[in-house]
Amino acid sequence: MTRRKAPEACPCGSGKPLAACCGPLIEGASAAPTAESLMRSRYTAYVLGHEAYLLATWHATTRPAAVDLREEPRPRWIGLDIRRHEVRDGTHAVVEFVARYRLGGRAHVLHETSRFLREGDSWFYVDGDLHE
């Protein structure tokens with residue numbers, strides 16, 4: 001009897017396989033239906049090193065010229081907790097999240113309330129406020 005390999009879990013913490021969660025978004029097969037799903041997919045892109053996806057989902061008004069995820073030392077992302085997803089209207093939403101990572105042997109936390117804008121069928125990350 002051949003054992004099947006279990007599907008790779010999505011790094012975003014949804015409990016779903018990557019191929020049924022953030023994978024299709026990162027591959028461009030579908031658009032994120034909500035700001036929260038975009039936030040989860042962007043976290044997954046950071047974990048997996050998908051710089052092009054991060055730039056493509058960053059709103060043009062605030063998008064940096066480049067994202068370099070190969071910088072050393074590289075953080076090791078270890079968890080995402082969505083604290084709040086608030087739809088302000090049909091085109092604006094906020095997502096508050098806490099992302100945990102290790103860098104140089106030390107644990108760190110990134111706590112941010114991010115702003116998102118929908119244009120057509122696509123959500124974009126605009127910017128965010130960091131929490132202490």
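Please refer to the structure higher up on the page.
Remember, predicted model here, so these are calculated numbers, not experimental data.

**Student:** Got a sec to walk through the pairing of strand S2 (residues 92-103)? Specific residues and values, please.
**Tutor:** Judged from the ten bridges that link them, strand S1 (residues 76-87) and S2 form a sheet pairing that is antiparallel. In the sheet register, Gly79 faces S2, and the bridge partner there is Arg100. Counted along the chain from S1 to the antiparallel partner S2, the turn is four residues long. Relative to strand S3 (residues 106-119), S2 runs antiparallel, the two sharing twelve bridges. Bridge pairing in S3 places Phe97 opposite Glu112.

**Student:** Could you give an account of the environment of Glu96, naming the residues involved and the relevant values?
**Tutor:** Structurally, the position occupied by Glu96 is in strand S2. Glu96 sits in the buried class, given a relative accessible area of 15%. Each C-alpha atom, one on Glu96 and one on Glu112, is 5.7 Å from the other, the two residues being 16 residues apart in sequence. The residues contacting Glu96, other than those within four sequence positions of it, are Asp81, Ile82, Arg83, Arg84, His111, Glu112, Thr113 and His131. Polar contacts involving the side chain of Glu96 include one to the side chain of His111, which spans 2.6 Å.

**Student:** Lay out helix H2 (residues 35-48) in plain terms, naming residues and giving numbers.
**Tutor:** With 14 residues, H2 extends 20 Å between its outermost C-alpha atoms, agreeing within 8% with the 20 Å of an ideal straight helix rising 1.5 Å per residue. All of the buried residues in H2 are Ala35, Ser37, Leu38, Met39, Arg40, Ser41, Arg42, Tyr43, Thr44 and Ala45. Structurally, H2 contributes buried residues whose contacts are with helix H1 (23-26), helix H3 (51-56), S1, S2, S3 and strand S4 (122-130). Once H2 ends, the next one or two residues include Gly49, with phi positive near 80°.

Thresholds, definitions, all that
Residues numbered from 1 in each chain as written. Predicted model: local features only at pLDDT ≥ 70, side-chain atom pairs only at ≥ 80, totals over all residues. Heavy atoms only, no water. Pairing = 2+ DSSP bridges. Helix = DSSP H or I, 4+ residues; strand = E, 2+ residues; numbered from the N terminus. Buried < 20%, exposed > 50% of the residue type's maximum accessible area, 1.4 Å probe, protein only. Contact = heavy atoms within 4.5 Å. Polar contact = N/O pair within 3.5 Å; in protein donor to acceptor, adjacent residues only side chain to side chain. Expected span 1.5 Å × (residues − 1).

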